[in-house]
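Summary of structural features
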Amino acid sequence: MSNLKDIKSEIEIYANDSNLTELQIVEKLEKHYFNKKVNENLKLYKKGKKKVSEITKDLKISPRKFYAILEKKNIEHKKYKKE
């Protein structure tokens, strides 16, 4: 638990130095680490070592959201037509 207290105190110190609240800092950290995981999985996806279903399970997102990330980053992928 001492590690958690250290992290909490560091966040409070950073919040006092910046004009952000603790919640905003935690949200930024969450975004940063999510994007880091996405980039690692995208590298594996490009090499063909990981499938979309495995990536969406790891990241806990829907396939639609993953395909939106692919389109945003201009990565080629198969497009399936709904009929």
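Below is a summary of the structure that appears in this document. The structure displayed is predicted, hence computed values, not measured ones.

Every buried residue belonging to helix 3 (residues 52-59) is among Val 52, Ile 55, Thr 56 and Leu 59, and all of these are buried. All buried residues of helix 3 project into a common sector of 95° when viewed along the axis, lining one side. Positive backbone phi, approximately 55°, marks Lys 60, located one or two places after helix 3.

Before going further, it helps to spend a moment on a positive patch on the surface. Taken together, Lys 43, Lys 46, Lys 47, Lys 49, Lys 72 and Lys 73 make up a surface patch of like positive charges. In terms of residue count, the dominant contributor to the positive patch is helix 2 (residues 22-47) (3 residues). Looking at the secondary structure, you find Lys 46 in helix 2.

Summarising the element assignment, Tyr 45 is placed in helix 2. Between the C-alpha atoms of Tyr 45 and Thr 21, which are 24 residues apart in sequence, the distance is 36 Å. Apart from the residues within four sequence positions on either side, Tyr 45 is in contact with Lys 50, Val 52, Ile 55, Phe 66, Leu 70, Glu 76 and His 77.

Here we come to the packing of helix 3 against helix 4 (residues 63-72). Between helix 3 and helix 4, the shortest axis-to-axis distance is 9 Å and the interhelical angle comes to 105°. Compared by their axis directions, helix 3 and helix 4 come out roughly perpendicular. The segment helix 3 lies against helix 4, with Val 52, Ile 55 and Thr 56 engaging Pro 63, Phe 66 and Tyr 67. A per-class count over the contact of helix 3 with helix 4 returns 5 nonpolar, 1 polar and no charged.

Calculation criteria
All residue numbers refer to positions counted from 1 along the written sequence of the respective chain. Totals for whole chains, interfaces and linings use all residues, but because this is a predicted model, local features are given only for residues with pLDDT of at least 70 and pairs of side-chain atoms are given and counted only at 80 or more. With hydrogens and water excluded, all non-hydrogen atoms of the structure serve as input to the side-chain values. When a residue's accessible area, from a 1.4 Å probe over protein chains only, is under 20% of the maximum for its type it is buried; when over 50% it is exposed; and in between it is partly exposed. Every helix listed is a DSSP run of H or I at least four residues long, and every strand listed is a run of E at least two residues long, numbered separately from the N terminus. What the arc covers is the set of directions going from the helix axis to the C-beta atoms. Within the patch definition used here, like charges are joined within 9 Å and nonpolar side chains (Val, Leu, Ile, Met, Phe, Trp, Tyr) within 5 Å, considering only residues with over 30% relative accessible area and no salt bridge. Calculation of accessible area relied on Shrake-Rupley with a 1.4 Å probe; when residues are assessed, cover is drawn exclusively from the protein chains displayed. Only one rule defines a salt bridge in this text: a Lys or Arg side-chain nitrogen within 4 Å of an Asp or Glu carboxyl oxygen. For this count, His and the chain ends are skipped, Lys and Arg are scored as positive, and Asp and Glu as negative. For the purpose of locating charges, the reference atoms are NZ of Lys, CZ of Arg, CG of Asp and CD of Glu. Should any heavy atoms of two residues lie within 4.5 Å, those residues are considered in contact. To get an axis, a line is fitted to the C-alpha atoms, and for a helix only the part in contact is used. The angle between two axes follows their N-to-C directions and goes from 0 to 180 degrees. The labels follow the angle: roughly parallel below 35 degrees, roughly antiparallel above 145, roughly perpendicular from 65 to 115, and oblique for the rest. Each residue gets one of three labels, nonpolar for Ala, Val, Leu, Ile, Met, Phe, Trp, Tyr, Cys and Pro, charged for Asp, Glu, Lys and Arg, and polar for the others, Gly among them.

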